[in-house]
Amino acid sequence: MSRRKWRLDLTPDGVAASTNAWNWPAFLFGAFWMLYRRMYAVAAMWIGALTVLSILETLIDVSDNVSLVITLGASAAAGSVGNHLYLRHAQRMIALAEARHPGDAPAQHAALAGLGGTRWSAVLVGMAVYIVVIGALSFLLDP
C-alpha cells in the first residue's frame, strides 16, 4: 500500500501525518477482516472481548436495543482503529523480516512475501470457530 494511503509522509511542517482513518472492511467485518489480513493475535483478542461482552449482556439481561448499540459501538471501534492495527502489524512483519535477514534486501522481500498478503482460509476457520462458540454460548447461557 502506498505511503499516501497510510498518511506516513511528513506534512509541510515536518510532522508525521496521522494513520487514523476510517476502515470500512474493519467496521463491516471486524474479526473476520483481521483474520483475512493475517492479524491472528488481534483477531483472537477482539473475539475474546466480544465474547465477554456477549456473556455480560446475557448475564445482566440487556435489551435488544442496548445490545444493538453495543454491537454498533464495537464495529465503530474496529472501523476507527483498523488502519492503525494493520499498520502496526505490517511494521512488525517488516521488523521481523529485517531481523531474520539483516542487510539482505532480497531475502527480506522474500520473507515479507511469505508473511504478508491475505488468507481466506483463516476467515473460513474463523467462521467455523465463531459458529461453534456462539452455539456453545447459546446452549450454556440460555435458561
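Given the structure is predicted, the values throughout are model-derived calculations rather than measurements.

Calculation criteria
Residues numbered from 1 in each chain as written. Predicted model: local features only at pLDDT ≥ 70, side-chain atom pairs only at ≥ 80, totals over all residues. Heavy atoms only, no water. Helix = DSSP H or I, 4+ residues; strand = E, 2+ residues; numbered from the N terminus. Buried < 20%, exposed > 50% of the residue type's maximum accessible area, 1.4 Å probe, protein only. Contact = heavy atoms within 4.5 Å. Areas by Shrake-Rupley, 256 points an atom, 1.4 Å probe, with all protein chains shown as cover. Axes fitted to C-alpha atoms, helices over the stretch in contact; angles between N-to-C directions. Parallel < 35°, antiparallel > 145°, perpendicular 65-115°, else oblique. Left-handed = near helix turned anticlockwise from the far one by under 90°. 1 Å grid on protein atoms, 1.4 Å probe; cavity = no way out; pocket = protein on both sides within 12 Å on 5 of 7 lines; lining within 4 Å. Points joined across faces, edges and corners; volume = space filled by probe spheres on them. Nonpolar A, V, L, I, M, F, W, Y, C, P; charged D, E, K, R; others polar. Phe/Tyr/Trp six-rings, centres within 6.5 Å; stacked < 30°, edge-to-face > 60°.

K.L.:
In this structure, what is going on with the overall build of the protein? I would like to understand it.
P.N.:
Along the protein, the regular secondary structure elements total 7 helices and 0 strands. Taken from the N to the C terminus, the helices and strands of the protein come in the order α-α-α-α-α-α-α. Across the 143 residues that make up the protein, the buried fraction comes to 25%. Across the protein, contacts joining residues at least 24 apart in sequence account for 63% of those joining residues at least 6 apart. Of the accessible surface of the protein, which amounts to about 9,500 Å², a share of 68% is contributed by carbon and sulfur atoms.

K.L.:
Got a minute to help me understand the packing of helix 4 (residues 40–59) against helix 5 (residues 64–100) in this structure?
P.N.:
How two helices sit against one another is set out by the angle between their axes and by the gap between those axes. As a packed pair, helix 4 and helix 5 sit with axes 12 Å apart at the nearest point and diverge in direction by 165 degrees. Between helix 4 and helix 5, the angle is such that the two are roughly antiparallel. Of the two elements, helix 4 crosses helix 5, and the hand of that crossing is right-handed. Residues V42, W46, L50, L53 and E57 of helix 4 form the contact with helix 5, whose own contacting residues are S67, I70, A74, A77, A78 and L85.

K.L.:
How do you make sense of the layout of surface pockets when you look at a structure like this?
P.N.:
Over the atoms, a rolled probe matching the size of one water molecule traces out where space is still vacant. Of the voids in this model, the largest pocket is the one considered here, and its volume is about 700 Å³. Elements represented by at least two residues in the lining of the largest pocket include exactly helix 2 (24–29), helix 3 (31–36), helix 4, helix 5 and helix 7 (120–141). With 8 residues, the top contributor of residues to the lining of the largest pocket is helix 4. Of the residues belonging to the lining of the largest pocket, the class tally is 19 nonpolar, 9 polar and 3 charged.

K.L.:
What is the right way to look at the packing of helix 5 against helix 6 (residues 105–115) in this model?
P.N.:
Look at helix 5 against helix 6: their axes get within 9 Å of each other, and the N-to-C directions meet at 140 degrees. The orientation of helix 5 relative to helix 6 falls into the category oblique. Read as a crossing pair, helix 5 and helix 6 show a hand that is right-handed. Judged by residue contacts, M93, I94, L96, A97, E98 and R100 of helix 5 engage Q108, A111, L112 and L115 from helix 6. Taken together, the residues of the contact of helix 5 with helix 6 sort by class into 7 nonpolar, 1 polar and 2 charged.

K.L.:
Please explain the packing of aromatic side chains as it appears in this structure.
P.N.:
The geometry of an aromatic ring pair is captured by the separation of the ring centres together with the interplanar angle, meaning the angle of the planes. Considering all chains together, one arrives at 6 aromatic pairs under this definition. For the pair W33 and Y86, a centre-to-centre distance of 6.2 Å together with 70 degrees between the ring planes defines the contact as edge-to-face. You can see W33 sitting in helix 3 and its partner Y86 sitting in helix 5, a full 53 residues away along the chain. Assessed through its relative accessible area of 7%, W33 is described here as buried. Geometrically, the ring pair formed by Y36 and W120 is tilted, given 4.8 Å between the ring centres and 55 degrees between the ring planes. Here Y36, found in helix 3, pairs with W120, found in helix 7; they are 84 residues apart in sequence, far enough to count as distant. Residue classification places Y36 among the partly exposed positions, given a relative accessible area of 21%. Chaining the aromatic ring pairs together yields one cluster made of W22, W24 and F27.

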